[in-house]
Amino acid sequence: MSKVFFSNSGAEANECAIKIARKYAAEKKGEDCNVIVTLKNSFHGRTLTTLAATGQDHYHELYQPLTPGFIHVDAYNIFELEALGAKHKIAAIMIECIQGEGGVNELKKSFVNEVAEYAEKRDILLIADEVQTGNGRTGKLYSYMNYGITPDIVTTAKGLAGGLPLGATLMNEKLQDVLTFGDHGSTFGGNPVCCSAAISVLDRLDDDLMDAVNAKSKYVFDELSGATGIKSVSGMGLMIGFETVKPAAQVVSECLEKGVLCLTAKNKVRLLPALNIPMDLLAQAIEVIKSVCADCQ
Ligand SMILES: *Cc1c(COP(=O)(O)O)cnc(C)c1O
């Protein structure tokens, strides 16, 4: 990547990516080339434009009208994308390689590669939303690195500054001069406090930490797969979802009572522990989760 624009959140990082894509396409292919394709079940943020990008109808209710120009396609069907491409002028395709809020669904390698190839052939920009999956979460610096693709734009936030608000929109050489002075900005973007935190995080994201993330991931997968009351386990690295016999929300609240913080994602329970969680703490948490899930008679 050649350049980065700093903002304060994931939604803002995606807004910036969408602006770059629309401006690039407008200048190169005409202003009617403005459609951004995203996937069904995706999550891209809570501003009106990133809500429009989000492929889940229930987030859209009551906030109409949203920003136009977004189309959502099936995450497992390349033909739907090809059919759309014949009808619409597509500026960019934005994907999460592992859908977070959508239920910790890791996309198939074949689909992601087909999308990347489709986009590259037509000079459609590929945007990887790495807001949740970035910064070592999946066992690589960014989740797209598990897929062997090269996006034109990468957005990230969440873990980047270890809990302080920082968003980043990274762009490749082709896009580095698209936004010019005055096109985009942020009062607090790139502030020294949050950037210091991010430097500290990035300094620690080395091979040793990634090896530890992958080892902990294997431990959690091994412990949860086939455990009583757990129906399936999905995800990558330390971004893990599992389906339970009990309703996910009940598992989350019972775990909370016992001091373990989980989340839901659709019908699954979702785990996003700190990447540097000590092994003994992780094991303790997994014991609590397993006992809560097993108690389902
Ligand atoms: C959380 C999230 C966002 C939005 O980030 P905020 O910092 O809450 O605005 C966007 N995309 C994905 C994939 C996310 O998980």
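The following refers to the structure shown.

Rules used throughout
- Residues numbered from 1 in each chain as written.
- Predicted model: local features only at pLDDT ≥ 70, side-chain atom pairs only at ≥ 80, totals over all residues.
- Heavy atoms only, no water.
- Near = heavy atom within 4 Å.
- Polar contact = N/O pair within 3.5 Å; in protein donor to acceptor, adjacent residues only side chain to side chain.
- Areas by Shrake-Rupley, 256 points an atom, 1.4 Å probe, with all protein chains shown as cover.
- Helix = DSSP H or I, 4+ residues; strand = E, 2+ residues; numbered from the N terminus.
- Expected span 1.5 Å × (residues − 1).
- Buried < 20%, exposed > 50% of the residue type's maximum accessible area, 1.4 Å probe, protein only.
- Arc of directions from axis to C-beta.
- Contact = heavy atoms within 4.5 Å.
- Axes fitted to C-alpha atoms, helices over the stretch in contact; angles between N-to-C directions.
- Parallel < 35°, antiparallel > 145°, perpendicular 65-115°, else oblique.
- Left-handed = near helix turned anticlockwise from the far one by under 90°.
- Nonpolar A, V, L, I, M, F, W, Y, C, P; charged D, E, K, R; others polar.
- Pairing = 2+ DSSP bridges.
- Patch = residues over 30% accessible without salt bridge, like charges linked within 9 Å, V, L, I, M, F, W, Y side chains within 5 Å.
- Salt bridge = Lys/Arg side-chain N within 4 Å of Asp/Glu carboxyl O.
- Lys, Arg positive; Asp, Glu negative; His and termini not counted.
- Charge placed at Lys NZ, Arg CZ, Asp CG, Glu CD.

1. As for the site of the ligand
So, point 1. What surrounds the ligand is a group of 13 residues, the closest being Gly 10, Arg 46, Asp 129, Gln 132 and Lys 158.
So, point 2. Note that a nitrogen atom of the ligand is positioned 3.3 Å from one of the backbone N or O atoms of Phe 43.
So, point 3. Side-chain polar atom of Lys 158 to an oxygen atom of the ligand: 2.6 Å apart, as the coordinates give it.
So, point 4. In isolation the ligand offers 380 Å² of accessible surface; the protein chains occlude 88% of this area.
So, point 5. The greatest single-element share of the shell around the ligand, amounting to three residues, is contributed by helix α1 (residues 10-29).

2. Observations regarding helix α4 (residues 109-121)
So, point 1. Between its terminal C-alpha atoms α4 stretches 18 Å, which fits the 18 Å expected from 13 residues at 1.5 Å a residue.
So, point 2. Listed as buried for α4 are Phe 111, Val 112, Val 115, Ala 116, Tyr 118 and Ala 119. Summarising the axial view, the buried residues of α4 lie within an arc of 165°, below the 170-degree limit, and thus occupy one face. For α4, the exposed residues lying more than 90 degrees away from the buried face are Lys 109, Glu 120 and Lys 121.
So, point 3. Residues of α4 that are buried sit in contact with β2 (35-39), α3 (78-87), β4 (90-95) and β7 (125-129).

3. Concerning the packing of helix α6 (residues 207-224) against helix α8 (residues 279-294)
So, point 1. Running from amino to carboxyl end, α6 crosses α8 at an angle of 20°, the nearest separation of the two axes being 11 Å. Considering the angle they form, α6 stands roughly parallel to α8. In this structure, α6 meets α8 at a crossing whose hand is right-handed. For the pair α6 and α8, the contacting residues are Lys 216, Tyr 219, Val 220, Glu 223 and Leu 224 in the first and Met 279, Leu 282, Ala 283, Ile 286, Glu 287, Ile 289 and Lys 290 in the second.
So, point 2. Its residues placed into classes, the contact of α6 with α8 shows eight nonpolar, no polar and four charged.

4. Let's talk about the sheet that holds strand β1 (residues 3-7)
So, point 1. A sheet is described by the order of its strands in space; here seven strands give the open sequence β1-β9-β8-β7-β4-β2-β3, paired in mixed fashion. Each edge of the open sheet is held by one strand with a lone partner, namely β1 and β3 (70-73). The mean inter-strand angle of the sheet, taken between neighbouring strand axes irrespective of direction, is 20°.
So, point 2. Where β1 and strand β9 (residues 167-171) come together, five bridges link them in antiparallel fashion. Within β9, the residue paired with Ser 7 across the bridge is Gly 167.
So, point 3. Sheet contacts for α3: β2, β3 and β4; angle to β3, the most-contacted strand, approximately 150°.
So, point 4. Contacts between α4 and the sheet are confined to β2, β4 and β7, with β4 contributing the most and set at about 160° to the helix.

5. As for the pairing of β7
Within a regular beta strand, the side chains point alternately toward one face of the sheet and then the other, so they alternate between its two faces.
So, point 1. Across the five residues of β7, five count as buried, placing the element largely inside the fold.
So, point 2. By the alternation rule, side chains of β7 split into Leu 125, Ile 127 and Asp 129 and Leu 126 and Ala 128, which are all buried.
So, point 3. When β4 meets β7, the two strands line up parallel, connected through four bridges. What sits directly across from Met 94, in β7, is Ile 127.
So, point 4. Where β7 and strand β8 (residues 153-156) come together, three bridges link them in parallel fashion. Residue pairing in the sheet places Asp 129 in a bridge with Thr 155 of β8.

6. Let's talk about a negative patch on the surface
So, point 1. Taken together, Asp 206, Asp 207, Asp 208 and Asp 211 make up a surface patch of like negative charges.
So, point 2. As for its position among the elements, Asp 211 is in helix α6.

7. Section: the pattern of salt bridges
So, point 1. According to the stated counting rule, one finds 13 salt bridges in the structure shown.
So, point 2. Between Asp 222 and Lys 218 there is a salt bridge, with the nearest N and O atoms lying 2.8 Å from each other. Note that Asp 222 and Lys 218 are positioned in helix α6 at a spacing of four residues, about one turn of the helix.
So, point 3. For Asp 222, a relative accessible area of 49% corresponds to the partly exposed category.

8. Describing the packing of α3 against α4
So, point 1. At their nearest, the axes of α3 and α4 sit 10 Å apart, and the two run at 20° to each other. Comparing the axis directions of α3 and α4 gives the class roughly parallel. With respect to the hand of their crossing, α3 and α4 are arranged in right-handed fashion. When α3 is examined against α4, the residues Ile 78, Leu 81, Glu 82 and Gly 85 are found in contact with a partner set consisting of Phe 111, Glu 114, Val 115 and Tyr 118.
So, point 2. Its residues assigned to classes, the contact of α3 with α4 comprises five nonpolar, one polar and two charged.

Any functional reading would require information that these geometric values do not contain.
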